[in-house]
Amino acid sequence: MAGGAHYWIDGYNVILRLGLGEGKSLEERRGELVGRVGALGSEAWIAFDSREAVHGRGLALPRRVTIAFATSGRTADDLILAKVSHAKDLNGVIVVSDDRGVVDRCQFMGARTMGVREFGKMLKPAPAPGSKGDRKLTPNEVDDWMKWFKEKK
């Protein structure tokens, strides 16, 4: 399922519920989430609450990951609900949040949902500080690279 799914993620909800990057700056915690989500090899859109429009600028994003920051009195929940309500096709979309209000409203509009803990089980651990981060590629990443280089397997 991971390769064909499109995840729409409540960013800080996931970071806080999973305790990603505890003790690090908020920017580092966002970066850890983005990196782990990118390693899934699936399309993902991550919404974050923000009071400043400059958050996330300069953050290196994996090719299939997009981020959005709520501004002007809006919340990440508002962004997620608007995205679901305006979607032409929710087939393959999975909204990731433990916020009961978001989950209930998304399900009412026809979106599938997934709890944070379940989603967290899919995420690979971040490399240890100082490590080179060497790891085996997932099958989705191998497929992605093969498509990129247009080589036969």
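Residues numbered from 1 in each chain as written. Predicted model: local features only at pLDDT ≥ 70, side-chain atom pairs only at ≥ 80, totals over all residues. Heavy atoms only, no water.

Q: Tell me about a nonpolar patch on the surface, residues and numbers included.
A: On the surface, L137, V142, W145, W148 and F149 cluster together into a nonpolar patch covering about 550 Å² of accessible area. Within the secondary structure layout, W145 lies in helix 6 (residues 139–149). (Patch = residues over 30% accessible without salt bridge, like charges linked within 9 Å, V, L, I, M, F, W, Y side chains within 5 Å. Areas by Shrake-Rupley, 256 points an atom, 1.4 Å probe, with all protein chains shown as cover. Salt bridge = Lys/Arg side-chain N within 4 Å of Asp/Glu carboxyl O. Helix = DSSP H or I, 4+ residues; strand = E, 2+ residues; numbered from the N terminus.)

Q: Tell me about the packing of helix 1 (residues 11–18) against helix 2 (residues 26–38), and name the residues and values.
A: Helix 2 packs onto helix 1 with a crossing angle of 95 degrees between their chain directions and a minimal axis gap of 10 Å. With respect to their mutual orientation, helix 1 and helix 2 come out roughly perpendicular. Each of G11, Y12, V14, I15 and L16 in helix 1 lies in contact with helix 2, whose residues at this interface are L26, R29, R30 and L33. For the contact of helix 1 with helix 2, the class distribution of residues is six nonpolar, one polar and two charged. (Axes fitted to C-alpha atoms, helices over the stretch in contact; angles between N-to-C directions. Parallel < 35°, antiparallel > 145°, perpendicular 65-115°, else oblique. Contact = heavy atoms within 4.5 Å. Nonpolar A, V, L, I, M, F, W, Y, C, P; charged D, E, K, R; others polar.)

Q: A description of the sheet that holds strand 3 (residues 65–70) should follow, citing residues and the corresponding values.
A: With respect to topology, five strands assemble into an open sheet ordered 3-2-1-4-5, the strand pairing being parallel. Of all the strands in the sheet, just strand 3 and strand 5 (112–114) have a single pairing partner and so form its edges. In this sheet, adjacent strand axes meet at a mean angle of 20 degrees when their direction is disregarded. On top of the sheet, helix 1 reaches strand 1 (6–10), strand 2 (43–49) and strand 4 (93–96); it is set at about 85 degrees to strand 2, its chief contact. (Pairing = 2+ DSSP bridges.)

Q: Give a detailed account of the pattern of salt bridges, specifying residues and quantitative values.
A: Under the counting rule described, the total for this entry stands at four salt bridges. Between D98 and R17 there is a salt bridge, with its nearest N and O atoms 3.9 Å apart. A residue pair is termed long-range when its members are at least 10 positions apart, and D98 in the loop between strand 4 and helix 4 (100–108) and R17 in helix 1 qualify at 81 residues. Assessed through its relative accessible area of 28%, D98 is described here as partly exposed. For R17, a relative accessible area of 43% puts it in the partly exposed group. One salt bridge connects D104 with R100, and the closest N-O pair in it is separated by 2.8 Å. Residue D104 and its partner R100 are both found in helix 4; the two are separated by four residues, about one turn of the helix. By relative accessible area, R100 is classed as exposed at 51%. One salt-bridge network, in which partners are shared between bridges, spans K24, E32 and R36. (Buried < 20%, exposed > 50% of the residue type's maximum accessible area, 1.4 Å probe, protein only.)

Q: Which residues make up the nonpolar core, and what values go with them?
A: Counting 23 residues, the largest nonpolar core has Y7, I9, L33, V37, I46 and F119 as its most contacted members. Elements with a minimum of two residues in this core: strand 1, helix 1, helix 2, strand 2, strand 3, strand 4 and helix 5 (116–122). With 16 residues, the next largest nonpolar core counts A47, A70, I80 and L90 among its residues. (Core = buried A, V, L, I, M, F, W, Y, C linked by side-chain atoms within 4.5 Å.)

Q: Report on the side chain of R30, specifying residues and quantitative values.
A: One can find R30 in helix 2. Notably, R30 is buried but unbridged: the nearest opposite-charge side chain belongs to E27, and the N-O separation is 5.1 Å. Looking at R30, its side chain comes within polar contact range of the side chain of Y12, at 2.7 Å. (Lys, Arg positive; Asp, Glu negative; His and termini not counted. Polar contact = N/O pair within 3.5 Å; in protein donor to acceptor, adjacent residues only side chain to side chain.)

Keep in mind these values describe shape, not function.
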